[in-house]
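Chain residues, written in single-letter form:
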Amino acid sequence: MKDYIRERAVGLAQYIIEKRATVRDAAKVFDVSKSTVHKDVTQRLKSIDPALCDSVGDVLQVNLSERHLRGGMATKEKYLKQKEK
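Residues numbered from 1 in each chain as written. Predicted model: local features only at pLDDT ≥ 70, side-chain atom pairs only at ≥ 80, totals over all residues. Heavy atoms only, no water.

A.B. asks: Explain the overall build of the chain to me, please; I cannot follow it from the model alone.
C.D. replies: Helix and strand content of the chain: four helices and zero strands. For the chain, the proportion of its 85 residues judged to be buried stands at 26%. Within the chain, residue pairs in contact and separated by at least 24 positions form 58% of the contacts whose partners lie at least 6 positions apart. With an accessible surface of roughly 6,200 Å², the chain has 51% of that area assigned to carbon and sulfur atoms. Taking the 18 positively charged and 12 negatively charged side chains of the chain as two groups, their mean positions are separated by 9 Å. (Helix = DSSP H or I, 4+ residues; strand = E, 2+ residues; numbered from the N terminus. Buried < 20%, exposed > 50% of the residue type's maximum accessible area, 1.4 Å probe, protein only. Contact = heavy atoms within 4.5 Å. Areas by Shrake-Rupley, 256 points an atom, 1.4 Å probe, with all protein chains shown as cover. Lys, Arg positive; Asp, Glu negative; His and termini not counted. Charge placed at Lys NZ, Arg CZ, Asp CG, Glu CD.)

Here it is in structure tokens:
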């Protein structure tokens, strides 16, 4: 594995853990695709740092379980903004 990929994977993992960020948020900050973030933190990170991979997995699992709530809030805000106009 190339060094820049290894560094990116570790950087993504640390960012996600520190900020409790979603894959989408991390992708924007690091200017890579969501699929790249997901592959880096779930597959590549296993061979680099398994403990860090487990920690990121915990955050991603929380994000997955809360996803439907965030989507509902976004829809609610969308319709409230439309009502104001």
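A.B. asks: Can you walk me through the nonpolar core in this structure?
C.D. replies: For soluble globular proteins, nonpolar side chains are generally found buried alongside one another. The biggest cluster of nonpolar side chains holds 15 residues, and the ones touching the most others in it are Ala13, Ile16, Val37, Val41, Leu45, Val56 and Leu60. Breaking this core down by element, the ones donating at least two residues are α1 (3–19), α2 (23–30), α3 (34–48) and α4 (50–84). At five residues, α4 tops the list of elements feeding residues into this core. (Core = buried A, V, L, I, M, F, W, Y, C linked by side-chain atoms within 4.5 Å.)

A.B. asks: Explain the side chain of Thr22 to me, please; I cannot follow it from the model alone.
C.D. replies: Looking at the secondary structure, you find Thr22 in the loop between α1 and α2. Within polar-contact distance, the side chain of Thr22 engages the side chain of Asp25 at 3.1 Å. Contact partners of Thr22, with chain neighbours within four places excluded, come to Asn63 and Arg70. (Polar contact = N/O pair within 3.5 Å; in protein donor to acceptor, adjacent residues only side chain to side chain.)

A.B. asks: Help me understand unusual backbone geometry, please; the structure alone is not making it clear to me.
C.D. replies: Negative phi values dominate among residues other than glycine, just as trans dominates among peptide bonds. A positive phi angle is found at Arg20, which is not glycine, with a value near 55°. You can see Arg20 is positioned in the loop between α1 and α2. Non-glycine residue Asp31 carries a positive phi angle of around 55°. As for its placement among the helices and strands, Asp31 is situated in the loop between α2 and α3. A relative accessible area of 72% means that Asp31 is categorised as exposed.

A.B. asks: Honestly, the pattern of salt bridges in this entry has me stumped. Any pointers?
C.D. replies: Two side chains carrying opposite charge are able to pair once their charged atoms lie near each other. Summed over the entire model, instances satisfying the criterion amount to three salt bridges. A salt bridge links Arg44 to Asp40; its shortest N-O distance comes to 2.5 Å. Of this pair, Arg44 and Asp40 both sit in helix α3, four residues apart, which is roughly one turn of the helix. Residue classification places Arg44 among the partly exposed residues on the basis of a relative accessible area of 23%. We note a salt bridge from Arg70 to Glu66, for which the minimum N-O separation is 3.6 Å. Of this pair, Arg70 and Glu66 both sit in helix α4, four residues apart, roughly one helical turn. Given a relative accessible area of 34%, Glu66 falls into the partly exposed group. Through salt bridges with shared partners, one network takes in Arg8, Asp40 and Arg44. (Salt bridge = Lys/Arg side-chain N within 4 Å of Asp/Glu carboxyl O.)

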